[in-house]
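For reference, the chains in residue letters:
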Amino acid sequence: MSRAAARVPVRPRVTVLGAGSWGTTFSKVLADGGSDVTLWARRPELAKEIREAKRNSDYLPGVNLPLAITATADITAALKDAQFVFVSVPSQSLRQNLEQIREIIPADIPVISLMKGVEKGTGLRMSEVLESVLEIDRNRIAVASGPNLALEIAKEQPTAAVVSSTNLETAEAVAKIATNRYFRSFVNTDVIGTEFGGVLKNLIAVAIGIVDGVGYGENTKASIITRGLVEMTDFAVAYGGHPETLSGLAGLGDLIATSGSSLSRNNTAGRLLGQGYSFADVVKSMQQTAEGLASVAPVLELAAAKGVDMPICRQVSEVLAGTLDPKDIAPHLTTDDDSGPQGERTLDARQDHGGAALRRSLKRAFDQLRNRGRSS
Ligand SMILES: NC(=O)C1=CN([C@@H]2O[C@H](COP(=O)(O)OP(=O)(O)OC[C@H]3O[C@@H](n4cnc5c(N)ncnc54)[C@H](OP(=O)(O)O)[C@@H]3O)[C@@H](O)[C@H]2O)C=CC1
Ligand SMILES: O=C(CO)COP(=O)(O)O
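Residues numbered from 1 in each chain as written. Chains lettered and ligands numbered in written order. Predicted model: local features only at pLDDT ≥ 70, side-chain atom pairs only at ≥ 80, totals over all residues. Heavy atoms only, no water.

### Considerations on the packing of aromatic side chains
Phase 1: Going through the model one piece at a time under the given rule, you end up with 6 aromatic pairs.
Phase 2: Arranged with centres 5.3 Å apart and planes meeting at 75°, the rings of W22 and F26 form a pair that is edge-to-face. Within this pair, W22 and its partner F26 are both found in helix α2 (residues 21–32), separated by 4 residues, close to a single helical turn. In this structure, W22 and F26 share a single accessibility class: buried.
Phase 3: With a centroid separation of 5.3 Å and an interplanar angle of 40°, the aromatic rings of F26 and F86 are classed as tilted. Note that F26 is positioned in helix α2 and F86 in strand β4 (residues 84–87), a separation of 60 residues in sequence. (Phe/Tyr/Trp six-rings, centres within 6.5 Å; stacked < 30°, edge-to-face > 60°. Helix = DSSP H or I, 4+ residues; strand = E, 2+ residues; numbered from the N terminus. Buried < 20%, exposed > 50% of the residue type's maximum accessible area, 1.4 Å probe, protein only.)

### Focus on helix α10 (residues 218–238)
Phase 1: Taking 1.5 Å per residue as the helical rise, α10 with its 21 residues ought to reach 30 Å, and the 30 Å between its terminal C-alpha atoms agrees with that figure.
Phase 2: Of the residues flanking the end of α10, it is G240, one or two places downstream, whose phi is positive at about 100°. (Expected span 1.5 Å × (residues − 1).)

### Regarding the site of ligand 2
Phase 1: In the neighbourhood of ligand 2, the contacting residues comprise K116, G146, P147, N148, L149, K201, D254, T258, L263, S264, R265 and N266.
Phase 2: Measuring from an oxygen atom of ligand 2, one finds a backbone N or O atom of N148 at 2.9 Å.
Phase 3: Take R265: an N or O atom from its side chain is 2.5 Å from an oxygen atom of ligand 2.
Phase 4: Look at ligand 2: alone it shows 310 Å² of surface, and the protein chains cover 92% of it.
Phase 5: Split by domain, the residues of the shell around ligand 2 number at least three in each of domain 1 (11–189) and domain 2 (193–362). (Near = heavy atom within 4 Å. Polar contact = N/O pair within 3.5 Å; in protein donor to acceptor, adjacent residues only side chain to side chain. Areas by Shrake-Rupley, 256 points an atom, 1.4 Å probe, with all protein chains shown as cover. Domains from an automatic or database assignment.)

### Quick word on the sheet that holds strand β8 (residues 183–188)
Phase 1: Spatially, the 8 strands line up as an open sheet ordered β3-β2-β1-β4-β5-β6-β7-β8, and their pairing is mixed. The sheet is open, and its two edges are formed by β3 (69–72) and β8, each paired on a single side. Strand-to-strand twist in this sheet, taken as the mean axis angle between neighbours without regard to direction, amounts to 25°.
Phase 2: Bridging between strand β2 (residues 36–40) and β3 involves 4 bridges; their strand directions are parallel. For T38, the partnering residue across the bridge sits in β3 and is T70.
Phase 3: The strands touched by helix α9 (residues 191–214) are β5 (111–113), β6 (141–145), β7 (159–164) and β8; relative to β6, the strand with the most contacts, the crossing angle is about 40°. (Pairing = 2+ DSSP bridges. Axes fitted to C-alpha atoms, helices over the stretch in contact; angles between N-to-C directions. Contact = heavy atoms within 4.5 Å.)

### Observations concerning the side chain of E231
Phase 1: For E231, the position within the fold is in helix α10.
Phase 2: The side chain of E231 is buried and forms no salt bridge, while R227, the nearest opposite charge, is found at 6.8 Å.
Phase 3: Leaving out residues up to four positions away in the same chain, E231 has contacts with D309, M310, P311, I312 and C313. (Lys, Arg positive; Asp, Glu negative; His and termini not counted. Salt bridge = Lys/Arg side-chain N within 4 Å of Asp/Glu carboxyl O.)

### Considerations on the pattern of salt bridges
Phase 1: On inspection of all chains with the given rule, the structure shows 20 salt bridges.
Phase 2: A salt bridge links E52 to K48; its shortest N-O distance comes to 3.2 Å. Of this pair, E52 and K48 are both found in helix α3 (residues 44–53), 4 residues apart, which corresponds to roughly one turn of the helix.
Phase 3: With a closest N to O distance of 4.0 Å, D281 and K284 form a salt bridge. Pair noted here: D281 and K284 are both in helix α14 (residues 279–285), with a separation of 3 residues, about one helical turn.
Phase 4: Among the residues examined, D281 registers a relative accessible area of 37% and is labelled partly exposed.
Phase 5: Using a relative accessible area of 67% as the deciding quantity, one classes K284 as exposed.

### Thoughts on the confidence of the model for the chain
Phase 1: Looking at the chain, the pLDDT average stands at 91 and 86% of residues meet or exceed 70.
Phase 2: Predicted confidence is poor over residues 1–5, with pLDDT under 50, and the contacts of this stretch with residues over four places away or in other chains come to 11 contacts.
Phase 3: Taken as a whole, residues 335–348 scores under 50 in pLDDT and shows 26 contacts with residues more than four places along the chain or in a different chain. (pLDDT = per-residue confidence, 0-100.)

### Here's the deal with the site of ligand 1
Phase 1: As a structural note, the neighbourhood of ligand 1 is formed by 25 residues, with S21, R43, Y59, T289 and E291 the closest of them.
Phase 2: The contact in question runs from an oxygen atom of ligand 1 to an N or O atom on the backbone of A19, over 3.4 Å.
Phase 3: In the model, an oxygen atom of ligand 1 is placed 2.8 Å from a nitrogen or oxygen of the A150 main chain.
Phase 4: A total of 900 Å² of accessible area belongs to ligand 1 in isolation, and the protein chains cover 89% of it.
Phase 5: Elements represented by at least two residues in the shell around ligand 1 include exactly α2 and α5 (94–99).
Phase 6: Of all the elements, α2 adds the most residues to the shell around ligand 1, at 3 residues.
Phase 7: Counted by class, the shell around ligand 1 contains 9 nonpolar, 11 polar and 5 charged residues.
Phase 8: Of the residues that make up the shell around ligand 1, three or more belong to each of domain 1 (11–189) and domain 2 (193–362). (Nonpolar A, V, L, I, M, F, W, Y, C, P; charged D, E, K, R; others polar.)

So this is what it looks like as structure tokens:
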């Protein structure tokens, strides 16, 4: 993206697509940071409530929205004059939503994914779907991710996130408008690690929900969270992400928030499964989007393609399929006999350490220090 496009206007005009819990909360973050926000809701009655009552009682009961947010169900009007566009619809509906805006989205402005899923069938990350459907330069695209449970943020409880773009200038411009007194956006250029962190923590949070529902305690959960982080890191690194990103807000930070909170829809879905409800019943009872349920299959396909062992995600998918009794879930106990799709015997499956990726990054850091010592 050009330097001119990365400059942040004094009072930016921002459009947010998707008026669910996160799209609405993020609109508040942006408005409280000094932007004028137009929120697109697909239902006219919800747009009317947000516009006129400054409320979204379906998704954020009791929360007053800032005056700087308006809303419309007319997507063309929503996008008119936008200087930034944030997208927050369920991942599996992104492609179909983008088809209707590809001709009308203003040229040369940053487009930011707030979503945490991968597309079924293609295995694409959300930024990849944005790039391919909108046919825009990836330097215009950013993603935002972190420990961001919507309702806590809507109540202005302080937290942080990462805005990531292959172009640091884009990330910085977006982070600047996505920062206010209770929300701080950091930046990085590791889009792959940042996006996969958000996707994978959902699957680990489903696993934690399952063991919660079964009634297992803190040891089981701590083991799964710790081994889950290894699984997340090895997967992301196999696809080109940086291990450091997975130890940051978009990885460990979000894993802790999502695994520990009853506000999490993924965690809630897992808990219902652990209590014995079927996948179909859980889907029926969920009022909101639990991305992990849809992402588990594409994630396992991507893992198999790179030979990454993901015992936790595998057992989650078995519980979803009804082929594993939730009370038998103990992915951290799997032996190396069932350690991977190809039955690989890796040290990682048997030893407790930070995983292959983390070990490699420590070795790299150590080698750099040693080389520096030699040259001085
Ligand atoms: N909630 C959170 O705490 C966080 C969520 N996220 C991510 O944000 C994304 C959006 O989730 P979230 O806002 O929580 O979800 P919600 O379930 O709260 O809201 C979903 C929104 O998407 C709309 N929607 C549903 N289906 C479609 C469709 N086919 N086309 C267009 N719009 C549709 C809904 O409209 P309607 O009301 O008309 O059904 C609603 O506005 C997810 O990827 C999630 O992982 C990221 C960080 C935090
Ligand atoms: O992504 C989130 C917190 O960072 C929200 O998690 P859930 O989708 O599980 O509610």
